[in-house]
Amino acid sequence: QVQLVESGGGLVQAGGSLRLSCAVSGGTFSRNAMGWFRQAPGKDRECVAAISWSGDSTYYTDAVQGRFTISRDNAKNTVYLQMNSLKPEDTAVYYCAWASFRRTLTTSRGAYDYWGQGTQVTVSS
């Protein structure tokens with residue numbers, strides 16, 4: 001059974017940093033694309049970052065470009081999201097997702113078939 005377990009969320013002041021981790025078990029993690037999504041109250045879930053199976057290709061939404069970094073350690077079956085210079089508008093529940101049928105990165109929610117439970121990130125002003 002595939003499981004994705006996120007950790008690293010919390011409360012931080014504006015300008016601070018957090019590092020999210022997502023550990024994957026029960027699947028062939030190293031062969032597939034991964035993504036980080038977020039959902040703020042009253043808003044749609046959006047892709048903030050995505051990474052190919054090898055880590056060679058990455059994507060960032062414009063709002064986080066230059067502040068967030070996605071990476072993966074295939075030996076540890078873990079994907080990370082380093083978040084720097086956090087802003088109040090980054091406040092949301094963050095989800096990691098695994099696209100078990102894709103090797104290249106994608107920002108499409110429908111391409112991801114396994115999701116973590118979500119971790120709350122709150123940035124105070």
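For every chain, the first residue of its written sequence is number 1, and the numbers climb from 1 along that sequence. With pLDDT at 70 or above as the cut-off, local features in this predicted model cover only qualifying residues; side-chain atom pairs require 80 or more to be listed or tallied, and sums for whole chains, interfaces and linings still use all residues. Working from all heavy atoms in the structure, the side-chain values ignore hydrogens and water.

Enquirer: So what's going on with the side chain of Arg-45? Residues and values would help.
Expert: Helix and strand assignments follow DSSP, with helices taken as H or I runs no shorter than four residues and strands as E runs no shorter than two, numbered in order from the N terminus. Tracing the sequence through the fold places Arg-45 in the loop between strand 4 (33-39) and strand 5 (46-51). Think of it in three bands: with a 1.4 Å probe and only protein chains considered, a residue is buried below 20% of the maximum accessible area for its type, exposed above 50%, and partly exposed in between. Two residue types count as positive, namely Lys and Arg, and two as negative, namely Asp and Glu; His and chain ends fall outside the count. Put simply, a salt bridge is a Lys or Arg side-chain nitrogen that is within 4 Å of an Asp or Glu carboxyl oxygen. For the buried Arg-45, no salt bridge exists, and the shortest N-O distance to an oppositely charged side chain is 7.7 Å, to Glu-6. Here a polar contact is recorded for every N or O atom pair within 3.5 Å, except that within protein the pair must consist of a potential hydrogen donor and a potential acceptor, and residues adjacent in sequence are included only if both atoms are side-chain atoms. Within the local environment of Arg-45, its side chain forms a polar contact with the side chain of Gln-39, the two groups lying 3.3 Å apart. Between two residues, a contact is recorded if the distance between any of their heavy atoms is within 4.5 Å. Filtering out sequence-adjacent residues up to four positions away, Arg-45 remains in contact with Phe-37, Arg-38, Gln-39, Tyr-95, Arg-109 and Trp-115.

Enquirer: Explain the packing of aromatic side chains residue by residue, including any values.
Expert: Ring geometry is summarised as follows: Phe, Tyr and Trp rings, the Trp one being its six-membered ring, pair when their centres sit within 6.5 Å, and such pairs are stacked at plane angles under 30 degrees, edge-to-face over 60 and tilted between the two. Going through the model one piece at a time under the given rule, you end up with four aromatic pairs. Put simply, the rings of Phe-37, Tyr-112 and Trp-115 pair up and form one aromatic cluster. Over a ring means this: the NZ of a Lys or the CZ of an Arg is within 6 Å of the ring centre and within 35 degrees of the ring normal. Across the ring face of Tyr-80, the terminal group of Arg-19 is positioned such that the distance to the ring centre comes to 4.0 Å. Sitting above the plane of the Phe-29 ring, Arg-72 keeps its charged end 4.4 Å from the centroid.

Enquirer: Quick one: what's the story with unusual backbone geometry, residue by residue and with numbers?
Expert: Phi at Asn-77 takes a positive value of approximately 55 degrees, unusual for a residue other than glycine. Relative to the helices and strands, Asn-77 resides in the loop between strand 7 (68-73) and strand 8 (78-83). With phi around 50 degrees, Ser-85 is a residue other than glycine that occupies positive phi space. Among the secondary structure elements, Ser-85 is positioned in the loop between strand 8 and strand 9 (92-99).

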